[in-house]
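Close look at the chain arrangement
Listed here are the chains, written in short residue letters.
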Amino acid sequence: MSGNGKVDMIPIILNGEEVEVPSGINLIEAAQIHGREIPHYCYHPKLTVAGNCRMCLVEMGMPMRDRGTGEPVLDADGNQKIGWIPKPVIGCGTNVAPGMRVNTDSPLAKDSREGIMEFLLVNHPLDCPICDQAGECRLQEFAMDYGRGYSRFVERKNVKPKRTRLGPRVTLDDERCILCSRCIRFCQEVAKDDVLGFVDRGSYSTLTCFPGKELSNNYSLNTVDICPVGALTSSDFRFKMRVWFLKESPSICTESSSGANTLVESREGQIYRIIPRRNDVVNDTWMTDSGRELFKQVQSESRLTAHRSDGAEVTLDAAVARSVELLSNDKIAIVGSCNSTVEEQYLLRKLADQTKAETHLSGHFGDDDGLLLSADRTPNLRGALATGMVKKYPSDNLKPLALQLGKGDLKTLLVVNEDLFALGITKEQIKKAKIIYVGTHENETSKMADVVLPSLTVFEKSGTFINRNFRLQKFFQAVPGPAGLVPDFLVLNRIASELLGEVAESLGLESLWKEIGKLRTSCLKGIAYREIPSDGLALDPGKLADLPYVEGPALNFSPSKVKKAVKAKPKAAKV
Amino acid sequence: MAVAKEKRIILKYADAKGYSNDLPCYLEHGGYDMLKKAVKSKPEDICEEVLKSGVRGRGGAGFPTGMKWKFLDRKSGKPIYLICNADESEPGTFKDRQIIYKDPHQLIEGMMISAYAIQAKQAFIYIRAEFFEGARILDRAIAEAKAKKLCGDNVLGSGYSCDIVVHRGAGAYICGEETGLIESLEGKRPNPRIKPPYFPAVLGVYQCPTIVNNVETLCNVKHILEMGADAFAQLGIPNNTGTRIWCVSGQVQKPGYFEFECGALTLGEMIYDVCGGLNPGRSLKAVIPGGSSAKVLRADERFTGTLKDGTDFDWGVTDIPLDFDGPIAAGTMSGSGGIIVMDDSVDIVEALANVNAFYAHESCGQCTPCREGSLWMRKITTRMCSGGAREEDSDLLVSVANQIEGRTICAFGEAAAWPTQSFVAKFKDEFIAKANQPAPDDDAEGPARLRLI
Ligand SMILES: Cc1cc2nc3c(=O)[nH]c(=O)nc-3n(C[C@H](O)[C@H](O)[C@H](O)COP(=O)(O)O)c2cc1C
Ligand code: SF4
Ligand code: SF4
Ligand code: SF4
Ligand code: FES
């Protein structure tokens, strides 16, 4: 980098062609920028360089200079001579330099790769037909692309343990392990839980957990993701599904405000696993183990699937009509949610404006883990602020609502996704009010509600969230929701229109964002849905930057203005 | 021409009658005089002397020691460390242990002078795990030296302080590779480090500048100071200065270790004159001149070419001069000075099977070519010796070795590849003949027939 923060570009000669690459990167990255693959196993962009697999060997040379004078050494034609390194160099451990010659396809590079491929396969089991990795296996792929295609190995293969439990969620097949040490480095460098290591030596080296330890940290499944072969497998996903049948949908983890980018993988409407999606300014290539479990809520027993009105199952139309009726009086309060999408929060705000309702919000807080589980355990608290659904940073309860209820003048409560009774409201306090509940799962509040509008989980709808970095991120529907359910934003839009006596216009995310983009004082002003990139859009928080956010420093996040933790706040909130 | 006499400098007293390995005895023989001289000189002057002496490392690679010391990163401001590599485990090598067991104070003095010269903050002796007694001897010697202010705090009142800590090795050959050694010293698996960026002189132990030198190399420093660089450089021949301790093993009548001026005698003179020749009725078949990693020489090979100084040479194996550059000119190396002699009773495929078993067992397993290649070669040669040889095995062996050489993290890759490459290249007929040997009647006896050492 040069002083002005811009990356310096330098010229290198890649396979005979002069190209520009950013300084400071290695040959694997440089080649990739220009569409050349340098196959590799042990290198991982987010881990230190180990240089052990040797798959990335390439031929390299530098323009020659006289040792004494530093002058370029010229050949007969007046061109600077190239000092080719006689041995191949590792692309992962070699950084670009001006004028460097790199050949990824020369006979030396090809021969090196072929040799490494052969070596990796000689003691590798023929497990592909039963191996979870098949279809996304680097060993399979590179064997096809760079291998000899036949075996010269007539000896007996090594035998190693096939089913070692490394921890509650990870199972190891040692025979498939190519000893790349990615998993070990991940535990040391990212999870900061140094529990894995090799024992024995040579080709008998075996990955194992240190005695008395297990791989149980909340990031353990990332080792499965980065294992280039089928050695580390998810005990949950193991043997469940062939990966080539899985459909990938980009999504966002809703576990906390870190907003890890994910891929939800499903087949025929059923989700099989969630894996991280690389985003270098958010989650790098990681996500929590707990976040991967969230899809299980889709089929949970307590899932709300039917619209209800006064205790009876009704149609959507009837439920909407009853809701409009209940919201038509003038003593209304709304309980919004930090789990709602930006679009839903915007529509709640609109509804609140229309009905002159006061909107309450409670945060859900825990401890920061310094990585991707942040103290704010909701995905979209900042959305509630950006849309103007609420003006103040929430505390962790609904005491202000309790005060309002205490005055006895609330007739209708619209509650989104929250259980009032878990947030400091008593049954006694709401006795006189009617409740409309919008949410995915049954809770004490939905059980008492007069109207229940079941909603879709994050996996069944599309929308946006704003994470702790004030990054506006899109997620997409992965699987269909329960029959008869429509997205919350359509329901809310219908209620808002019908309250005005109008018929709701058909609405899509794009058209809704045309409205959102008109919010004058919001950091969302001027944004068009279509223009939000797949890796998110950094918002300028403006004056929202000064609120007392709870998140502490973490992966790709440093709170510029974290004030005191909100946990200490409830007292201050007492009006 | 009469064969040169041994010139014992480093081993001068080691085997002398009545010489013991305690401090009083060492002091009686002029011990630590050079350390006294050293701490009164400027460190950079000693470095300059070492550079001028031309002394080359005795650990295997023969790199000029003075030059290595110059590479030290002194700008970082980090503490500098000195490590003595006493892991001596190259098959055929048994010289360093003579010094450690019989004359430990010479090593300590050499180390303290070197430590002072490079201004090391702390020194280590990384000693092979199997040298239990050696470690005890060194510990005791260091305690003696410390009591007399010959090492530790404020050495000889000079204000310079440096401790020596004896660290017992982890019981693997790879612990002798300097970056593997450093990892091991830090308490980890001895996985060699990638270079770049981890050159010991810049990012060595604890990521600080570090010098790793062999036992014999460090002892030489004392003698360079004693004689002066010019006199030292007069020993031996240009570019091959000083003496070397050669370890001769195998089928000679009088194996042992011998210290000679570099280039003072030929391989033939060593075998036939110094070591009493081969056993009666036997003829020379092959010699490995520098520890098992060095390429083997076939008795009837000839080598021609021009030396660096411009003189032409035309040598048989027995004409190769014992120094650094002679064996290199013959396409091999003097390595750690371990000369392994094989007579015509040796089954050359079995000999390679033995060497391959060693490397397959000792590969750290970190990088793919060495890890898989060394074991594959072992599996092939073991099979060949168990009645399963095929004609194509010789070519396959070389191909596997070629896929290792030059593609690994550390020089173990070459050490594992060179024996196979050279054995097969030079004795291909015997490898092919193996395929036509009848298989043993009883398969179960196959492995038993193989004489693995
Ligand atoms: C596989 C391997 C094993 C080695 N073992 C030893 C050893 O046992 N002792 C030793 O002094 N050097 C050994 N070396 C050489 C060291 O890496 C290093 O070059 C040497 O200690 C430097 O000392 P010198 O410059 O004084 O020769 C070994 C090298 C390799 C590649
Ligand atoms: S790890 Fe890859 S190559 Fe190995 S068995 Fe599994 S799918 Fe096949
Ligand atoms: S288990 Fe996978 S990630 Fe870990 S070392 Fe083996 S191949 Fe690499
Ligand atoms: S060459 Fe062999 S000993 Fe050296 S690092 Fe690689 S596997 Fe280990
Ligand atoms: S990617 Fe493994 S050595 Fe470079």
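Residues numbered from 1 in each chain as written. Chains lettered and ligands numbered in written order. Predicted model: local features only at pLDDT ≥ 70, side-chain atom pairs only at ≥ 80, totals over all residues. Heavy atoms only, no water.

Further remarks concern the pairing of strand S7 (residues 243-250) of chain B. Residues and elements named next belong to chain B. Of all eight residues in S7, seven are buried; the element is thus mostly enclosed. By the bridge criterion, six bridges tie S7 to strand S8 (residues 256-261) in an arrangement that is antiparallel. Note on S8: the bridge partner recorded for Cys247 is Tyr257. What sits between the antiparallel neighbours S7 and S8 is a turn of five residues. (Buried < 20%, exposed > 50% of the residue type's maximum accessible area, 1.4 Å probe, protein only. Helix = DSSP H or I, 4+ residues; strand = E, 2+ residues; numbered from the N terminus. Pairing = 2+ DSSP bridges.)

As a further point, take the site of ligand 1. All names here are of chain B. For ligand 1, the set of nearby residues contains 19 residues, the closest of which are Gly59, Lys68, Asn85, Asn214 and Thr217. In this structure, Lys68 approaches ligand 1 through a side-chain N or O atom, which is 2.8 Å from an oxygen atom. Here an oxygen atom of ligand 1 and a backbone polar atom of Ser89 are 3.4 Å apart. In the complex, the protein chains occlude 89% of the 610 Å² of accessible area that ligand 1 would expose alone. With three residues, the top contributor of residues to the shell around ligand 1 is strand S4 (residues 210-214). (Near = heavy atom within 4 Å. Polar contact = N/O pair within 3.5 Å; in protein donor to acceptor, adjacent residues only side chain to side chain. Areas by Shrake-Rupley, 256 points an atom, 1.4 Å probe, with all protein chains shown as cover.)

All names here are of chain A. When cut into domains, chain A gives domain 1 (9-119), domain 2 (123-298) and domain 3 (307-563). Put simply, the middle of domain 1 and the middle of domain 2, counted by C-alpha atoms, are 30 Å apart. Across the boundary between the two partners, domain 1 contributes 20 residues, which contact 26 residues of domain 2. Here domain 1 and domain 2 share an interface that buries about 2000 Å² over both sides, 53% of which is from carbon and sulfur atoms. Ranking the residues of domain 1 by area buried against domain 2 places Tyr41, Lys46 and Leu47 at the top, with a combined share of 34%. Between domain 1 and domain 2 we count five salt bridges in total. For Arg148, the salt bridge identified is with Glu118, shortest N-O distance 2.6 Å. Remark: the boundary between domain 1 and domain 2 carries 13 residue pairs in polar contact (both at pLDDT 80 or more). (Domains from an automatic or database assignment. Contact = heavy atoms within 4.5 Å. Buried area = accessible area lost by both parts, 1.4 Å probe. Salt bridge = Lys/Arg side-chain N within 4 Å of Asp/Glu carboxyl O.)

Around ligand 2, the neighbouring residues are His124, Asp127, Cys128, Cys131, Ala134, Cys137, Leu139, Gln140, Val229 and Gly230 of chain A. Here the shell around ligand 2 is built from residues that sort into six nonpolar, three polar and one charged. (Nonpolar A, V, L, I, M, F, W, Y, C, P; charged D, E, K, R; others polar.)

With that out of the way, let us pick up the environment of Glu442 of chain A. Residues and elements named next belong to chain A. Secondary-structure assignment places Glu442 in the loop between strand S20 (434-439) and helix H11 (444-448). On a C-alpha basis, the gap between Glu442 and Met117 in space is 54 Å, while along the polypeptide they are 325 residues apart. Apart from the residues within four sequence positions on either side, Glu442 is in contact with Ser302, Leu304, Arg308 and Lys447. Among the polar contacts listed, one links the side chain of Glu442 to the side chain of Arg308, at a separation of 2.9 Å. Separated by 2.5 Å, the side chains of Glu442 and Ser446 make a polar contact.

Residue and element names in this part refer to chain A. Overall, mixed pairing links the seven strands, which are arranged S16-S15-S21-S20-S19-S17-S18 in an open sheet. The strands lining the two open edges of the sheet, one partner per strand, are strand S16 (312-314) and strand S18 (358-360). The average angle at which neighbouring strand axes cross in this sheet is 20°, direction not considered. Pairing between strand S15 (residues 307-309) and strand S21 (residues 451-454): two bridges, direction antiparallel. (Axes fitted to C-alpha atoms, helices over the stretch in contact; angles between N-to-C directions.)

With that out of the way, let us pick up helix H4 (residues 182-189) of chain A. Burial within H4 of chain A is extensive, with six of its eight residues counted as buried. Taken together, the buried residues of H4 of chain A touch strand S9 (196-199), strand S10 (206-209), helix H5 (221-226) and strand S11 (232-234) of chain A.

Here the focus is the interface of chain A and chain B. Taken together, the contacts link 38 residues of chain A with 33 residues of chain B. Between chain A and chain B the total buried area reaches about 2800 Å² when both faces are included, carbon and sulfur atoms providing 51% of it. Together, Phe119, Arg152 and Arg201 of chain A form the three largest contributors to the area buried by chain A at its contact with chain B, with a combined 27%. On inspection of chain A and its partner chain B, the count reaches three salt bridges.

With that settled, the discussion passes to unusual backbone geometry. For the peptide bond that leads from Lys195 of chain B to Pro196 of chain B, omega is -5°, which places it in the cis range. Structurally, Pro196 of chain B can be placed in the loop between helix H8 (178-185) and helix H9 (200-203). If you check the backbone angles, Glu268 of chain A has positive phi at about 45° while not being a glycine. Assignment of secondary structure puts Glu268 of chain A in the loop between strand S13 (261-267) and strand S14 (270-276). When its relative accessible area of 74% is taken as the criterion, Glu268 of chain A is described as exposed. With a phi angle near 70°, Asn239 of chain B is a residue other than glycine that sits in the positive phi range. Inspection of the secondary structure puts Asn239 of chain B in the loop between strand S5 (236-237) and strand S6 (240-241).

Here we take up the packing of aromatic side chains. Counted under the stated rule, the structure contains 23 aromatic pairs over all chains. With centroids separated by 4.7 Å and ring planes inclined at 20°, the aromatic side chains of Phe465 of chain A and Phe475 of chain A adopt a geometry described as stacked. Taken as a pair, Phe465 of chain A in strand S22 (residues 463-466) and Phe475 of chain A in strand S23 (residues 471-475) lie far apart in primary sequence, 10 residues in all. Accessibility expressed as a relative area gives 3% for Phe465 of chain A, which makes it buried. On the basis of relative accessible area, Phe475 of chain A is assigned to the buried category, the value being 0%. On the numbers, 5.2 Å between centres and 80° between planes, the contact of Tyr116 of chain B with Tyr160 of chain B is edge-to-face. With Tyr116 of chain B in helix H6 (residues 104-118) and Tyr160 of chain B in the loop between helix H7 (132-147) and strand S3 (163-168), this residue pair connects regions lying 44 residues apart in the sequence. Exposure remark for Tyr160 of chain B: the relative accessible area of 9% places this residue in the buried category. Aromatic ring contacts, followed pair by pair, group Phe365, Tyr393, Phe470 and Tyr549 of chain A into a single cluster. (Phe/Tyr/Trp six-rings, centres within 6.5 Å; stacked < 30°, edge-to-face > 60°.)

The next point concerns a nonpolar patch on the surface. Residue and element names in this part refer to chain B. On the surface, a cluster of nonpolar side chains totalling about 290 Å² of accessible area is made up of Phe63, Met67 and Phe71. In this fold, Met67 is placed in helix H4 (residues 65-70). In this structure Met67 comes out as partly exposed when scored by relative accessible area, which is 37%. (Patch = residues over 30% accessible without salt bridge, like charges linked within 9 Å, V, L, I, M, F, W, Y side chains within 5 Å.)

The next thing to look at is the packing of helix H14 (residues 348-362) of chain B against helix H17 (residues 412-426) of chain B. All names here are of chain B. The N-to-C vectors of H14 and H17 enclose an angle of 170°; their axes lie 10 Å apart at closest approach. By the angle between their directions, the pair H14 and H17 is classed as roughly antiparallel. Crossing hand, H14 versus H17: left-handed. Mapping the contact onto sequence places Ile348, Ala351, Leu352, Val355, Asn356, Tyr359 and Glu362 in H14 and Phe412, Ala415, Ala416, Pro419, Thr420, Phe423 and Val424 in H17. When the residues that make up the contact of H14 with H17 are grouped by side-chain class, the tally is 11 nonpolar, two polar and one charged. (Parallel < 35°, antiparallel > 145°, perpendicular 65-115°, else oblique. Left-handed = near helix turned anticlockwise from the far one by under 90°.)

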